[in-house]
Amino acid sequence: MKRFFAIILASVLLLTACGKQVTTHRIEDKDWQVVTVQSTQDGSILFIGNSMQEIYPDAAVIELTCRAENGKLTFTSGTQSWEGSYTRQDSGGVEATIYSLTVGDETGPAAGAGRKGRLLRFEPGAYRAVGVECEGRFARVGLADMAGGVQARETIELGDFARTRDLSPLAAAIRRMCAAANGAPVLGVCIGFPANLDPDAAAIVSYAAMDIQQPTSFAQVFPAFWREVELPVYLENDANLACEGEAFLRRGAGGAANMLYLSIGSGCGGAVRLDGKLRRGARCRAGEVGAMLLQPALGAPGRSAARETLEDAVCLAALERRFGAALRDGAQPGEASAQAMRDYLCGPLSGAVYSLVMTLDVELCVLAGIVPGALGMQLCTQVSEALRAAL
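The following paragraphs examine the structure supplied in this document. Just so it is clear, the structure is predicted and the values come from calculations on it, not from any experiment.

Thresholds, definitions, all that
Residues numbered from 1 in each chain as written. Predicted model: local features only at pLDDT ≥ 70, side-chain atom pairs only at ≥ 80, totals over all residues. Heavy atoms only, no water. Pairing = 2+ DSSP bridges. Helix = DSSP H or I, 4+ residues; strand = E, 2+ residues; numbered from the N terminus. Patch = residues over 30% accessible without salt bridge, like charges linked within 9 Å, V, L, I, M, F, W, Y side chains within 5 Å. Areas by Shrake-Rupley, 256 points an atom, 1.4 Å probe, with all protein chains shown as cover. Salt bridge = Lys/Arg side-chain N within 4 Å of Asp/Glu carboxyl O. Lys, Arg positive; Asp, Glu negative; His and termini not counted. Charge placed at Lys NZ, Arg CZ, Asp CG, Glu CD. Buried < 20%, exposed > 50% of the residue type's maximum accessible area, 1.4 Å probe, protein only. Contact = heavy atoms within 4.5 Å. Expected span 1.5 Å × (residues − 1). Bend = angle between axes of the 7 residues up to and from the residue. Core = buried A, V, L, I, M, F, W, Y, C linked by side-chain atoms within 4.5 Å.

### Quick notes on the pairing of strand β12 (residues 150-157)
Across seven bridges, the pairing between strand β11 (residues 138-145) and β12 is antiparallel. In the strand pairing of β12, R140 is matched with T155. In this structure, the hairpin formed by β11 and β12 is closed by a connection of four residues, where G148 is found at a positive phi of approximately 95°.

### Structural notes on a negative patch on the surface
A grouping of E288, E308, E311 and D312 is seen on the molecular surface, where their side chains present a negatively charged patch. Turning to its location among the elements, E308 is positioned in the loop between β20 (277-279) and α7 (310-314). In this structure E308 comes out as partly exposed when scored by relative accessible area, which is 43%.

### Here we look at the side chain of N240
In this fold, N240 is placed in helix α6 (residues 238-249). When sequence neighbours within four positions are dropped, the list of residues in contact with N240 reads G270, A271, L278 and R280.

### Remarks on unusual backbone geometry
Of note, the phi angle at N70 is positive, near 55°, even though the residue is not glycine. Residue placement: N70 occurs in the loop between β5 (65-69) and β6 (72-77). Here N70 falls in the exposed class, since its relative accessible area comes to 73%. Its identity as a non-glycine residue notwithstanding, R165 has a phi of 55°, on the positive side. Relative to the assigned elements, R165 resides in the loop between α2 (161-164) and α3 (168-180).

### Some details on helix α9 (residues 335-360)
For α9, which comprises 26 residues, the first-to-last C-alpha distance of 35 Å matches the rise-based estimate of 38 Å (1.5 Å per residue) to within 8%. The sharpest bend along α9 reaches about 35° and sits at C346, with the proline P348 one to four residues further on. Inspection of α9 places A338, M341, R342, L345, C346, P348, L349, S350, A352, V353, L356 and V357 among the buried residues, and these make up the whole buried set. Where α9 is buried, its residues touch β18 (259-264), α7, α8 (316-323), β21 (364-368), α10 (370-375) and α11 (377-390). Once α9 ends, the next one or two residues include D361, with phi positive near 60°.

### Some points on the nonpolar core
Counting residues in each nonpolar core, the largest one holds 35 residues, and the members touching the most others are L170, F193, I204, F222 and F225. Those elements that place two or more of their residues in this core are β10 (128-135), β11, α2, α3, β13 (186-193) and α4 (218-221). Sort the elements by how many residues they give to this core and α3 lands first, with five residues. Residues in contact with F222, not counting those within four places in the same chain, are F161, R165, D166, L167, F193, I204 and M210.

Structure follows, in C-alpha cells:
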C-alpha cells in the first residue's frame, strides 16, 4: 500500500463530489471520490474509481475517498488512511477555485514527519469539456481543456429551433467535438442559451421566443436533444457565461469583481458581477438590461401601452431597419455607415450604462456581441467618453 500511495502522489487525481453537484466550488463542501489517477509522465490512466470502469475497462480499480476540513486532508481506502494539507490558490476573483494538496511519503498520520511532502497536481490538459454559445439561428461550439485552452471549434446553423424545438444540429456538433478529443475523456457540455435559466434545475425560467413564461425543464422543451446527448449538461444564460469568461480572462487585471456585461446582437442581454460573484437574482433575471425602458417617465408597459426598450433600439433588427445595414455573419459596414451607427448607439447605450453604474456601482463595463464586434473599439470609445463627462 505504501508503493500504491506513492504512485498516487506522483500522479494527477481527478476528484468528483459524492451527491448533488455543488456550484460554490469549495473543496470542503463535500466528501470526494478519486475517480482517476493519471501519470504525469505520459498521461496514462493508472487507477480508476468504480464509476469509470466502462470507460477504462483495463485499468485497476481503487476505492479512495478524500475529506477536507480546516486545512487538513484525509484520504481513506478501506481501513487505511493518510493525512495531508491543502491551501487555496488565488483564482483572480473568478467563481472557481484551485487548490494545492500536499501529502507525506508514508502511510499513517505521523509516519511522514520530517520528510519532504510531494505535491498533488491537477492536470488541466488531461480532460476536455464542450462549450456552446447560442446566438440567434447560429451556435459556436468548442472543445476546451480544463485550463481554458481551445482544442477545436466550429460555427453551426441551428435553424428556427424556437419554432421546431429541434436541436439535432447541435447534438451532431457535440459528437464531432467528442471525436476531436482523440480519446481524452470529455467531462460534459456547457450551453450558453439566450433565455432566463435556472442552472440548478436545468430549466428555462422564461423565453419570449418560445412563449415560455413559467419554469420548464430543458429536457421537456428539447426532449430529443436531451436523450441524444449522453454527457452531463450544464445550462446557463449566454450573457452570464460570457461575463464569467470575461472575468476569467481579466483575472489579476482588476475591475472584474464589479462588472457590467452587455451583449448586443439579435437581442440585448446582460450580466452583473458584484463583489466577485455572478448575480442571478430572485427569478434568475438579473442583468436583463435589454428590458430597460428608454422613456421610464411614461410609466410601466402594459398590454395596451407598449414601451420602447433598450433592446428595441440597439439590436441588429433595429440597425437593419434604420440604416439598411447587414451586420450578421461577420459583415463589415463601410466607415461612413459604421460611424452613423456609432453616433446613433452612443445615446441609448451611454444613458443605460450611466443609470446602471449609478445603481450598481460597478467599476467596469464590457460591450460585446455582434454589434460592438462589427463597429469596433470606436463604439466603446465614444460611449466611454460620454460616460466620463457624466461621471
